[in-house]
Amino acid sequence: MHDSGSAVNISKDKFQINLDVQQFSPEEISVKYVDNCVLVEGKHEEKQDDHGYVSRHFVRRYMLPKGHNEADIVSSLSSDGILTITCPRKEIEQKNEERSIPITHTGQPMKQVTGKAAPENGHSKKEGEKMEA
């Protein structure tokens, strides 16, 4: 973990956030999805600790990377106060999809274009090959 208590890991199969929220009880923490961001908020009113009274409030916003579906975001809180938020990368569903590819008509005969272009582009015969006319 980093000094801020937050770590973000992006791998080929998921986006994951680990956040230290041990200063907050579960009901004082919220996780939301807003404007392509995962928003984590923790807030508690003033309460007494070993050093006196303290109130805490934080908001962290993490951009959800492209290729992830916000509907698949899940979060869990461990007993030692680590909030883990994960979102799997979307599966590419277009593997077996069929589509027509339109044919663009150029208006020029192909033989004429390739016949002129070949010598200008430096195309030459390889050694041992004969060029046919």
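Residues numbered from 1 in each chain as written. Predicted model: local features only at pLDDT ≥ 70, side-chain atom pairs only at ≥ 80, totals over all residues. Heavy atoms only, no water.

## Remarks on the overall build of the protein chain
Thinking step 1. Helices and strands together make up the secondary structure of the protein chain, namely 1 helix and 7 strands.
Thinking step 2. Ordered by position from the N terminus, the helices and strands of the protein chain form the series β-β-β-β-β-β-β-α.
Thinking step 3. Taking all 133 residues of the protein chain together, the buried fraction comes to 20%.
Thinking step 4. For the protein chain, the accessible surface area stands at approximately 11,200 Å², while carbon and sulfur atoms represent 47% of it. (Helix = DSSP H or I, 4+ residues; strand = E, 2+ residues; numbered from the N terminus. Buried < 20%, exposed > 50% of the residue type's maximum accessible area, 1.4 Å probe, protein only. Areas by Shrake-Rupley, 256 points an atom, 1.4 Å probe, with all protein chains shown as cover.)

## Here's the deal with the sheet that holds strand E4 (residues 37-49)
Thinking step 1. One open sheet accounts for 3 strands, arranged E3-E4-E5; its pairing is antiparallel. Two strands lie at the open edges of the sheet, namely strand E3 (29-34) and strand E5 (52-63), each paired on one side alone. Along the sheet, successive strands turn relative to each other by an average axial angle of 10°, direction set aside.
Thinking step 2. Where E4 and E5 come together, 11 bridges link them in antiparallel fashion. Bridging across to E5, glutamate 41 finds its partner in valine 59. (Pairing = 2+ DSSP bridges. Axes fitted to C-alpha atoms, helices over the stretch in contact; angles between N-to-C directions.)

## Structural notes on the environment of glutamate 41
Thinking step 1. Positionally, glutamate 41 belongs in strand E4.
Thinking step 2. Residues glutamate 41 and phenylalanine 58, spaced 17 residues apart in sequence, show a C-alpha to C-alpha distance of 5.7 Å.
Thinking step 3. Setting aside its immediate chain neighbours within four residues, glutamate 41 contacts Glu28, Ile29, Ser30, His57, Phe58 and Val59.
Thinking step 4. Side chain to side chain, glutamate 41 and histidine 57 meet in a polar contact 2.7 Å long. (Contact = heavy atoms within 4.5 Å. Polar contact = N/O pair within 3.5 Å; in protein donor to acceptor, adjacent residues only side chain to side chain.)

## What about the nonpolar core?
Thinking step 1. The biggest cluster of nonpolar side chains holds 14 residues, and the ones touching the most others in it are Leu19, Val21, Val40, Tyr62 and Leu83.
Thinking step 2. Ignoring sequence-local partners within four residues, the contact set of valine 21 consists of Ile29, Phe58, Leu77, Gly81 and Leu83. (Core = buried A, V, L, I, M, F, W, Y, C linked by side-chain atoms within 4.5 Å.)

## Describing the environment of leucine 83
Thinking step 1. Note on placement: leucine 83 falls in strand E7 (residues 82-88).
Thinking step 2. Residue contacts for leucine 83: discarding those within four places in its chain leaves Ile17, Asn18, Leu19, Val21, Ile29, Val31, Val40, Ser75, Ser76 and Leu77.

## So, the UniProt feature "binding site: Zn(2+)" (unreviewed entry) in the protein chain
Thinking step 1. The residues that UniProt annotates with the feature "binding site: Zn(2+)" (unreviewed entry) are His44, Glu46 and His51.
Thinking step 2. Relative accessible area serves as the criterion here: at 3%, histidine 44 is assigned to the buried category.
Thinking step 3. With residues up to four places along the chain from it excluded, the contact list for histidine 44 reads Gln23, Phe24, Glu28, Val54, Ser55 and Arg56.
Thinking step 4. Mapped onto the elements, glutamate 46 comes out in strand E4. (UniProt positions renumbered as here; feature names shortened; annotations may be inferred.)

## Thoughts on the pairing of strand E6 (residues 74-77)
Thinking step 1. Note: E6 against E7, 4 bridges, orientation antiparallel. Residue pairing across strands places leucine 77 opposite leucine 83, the latter belonging to E7.
Thinking step 2. From the end of E6 to the start of E7, which pair antiparallel, there are 4 residues, and glycine 81 there has a positive phi angle of about 85°.

## A word on the sheet that holds strand E2 (residues 14-20)
Thinking step 1. In spatial order, the strands read E1-E2-E7-E6; together these 4 strands make up an open sheet with antiparallel pairing. This sheet does not close on itself; its edge strands, each paired only once, are strand E1 (6-10) and E6. Geometrically, the sheet is characterised by an average inter-axis angle of 15° between neighbouring strands, direction not taken into account.
Thinking step 2. As paired strands, E2 and E7 are joined by 7 bridges and run antiparallel to one another. Opposite phenylalanine 15, over in E7, you have cysteine 87 as the bridge partner.

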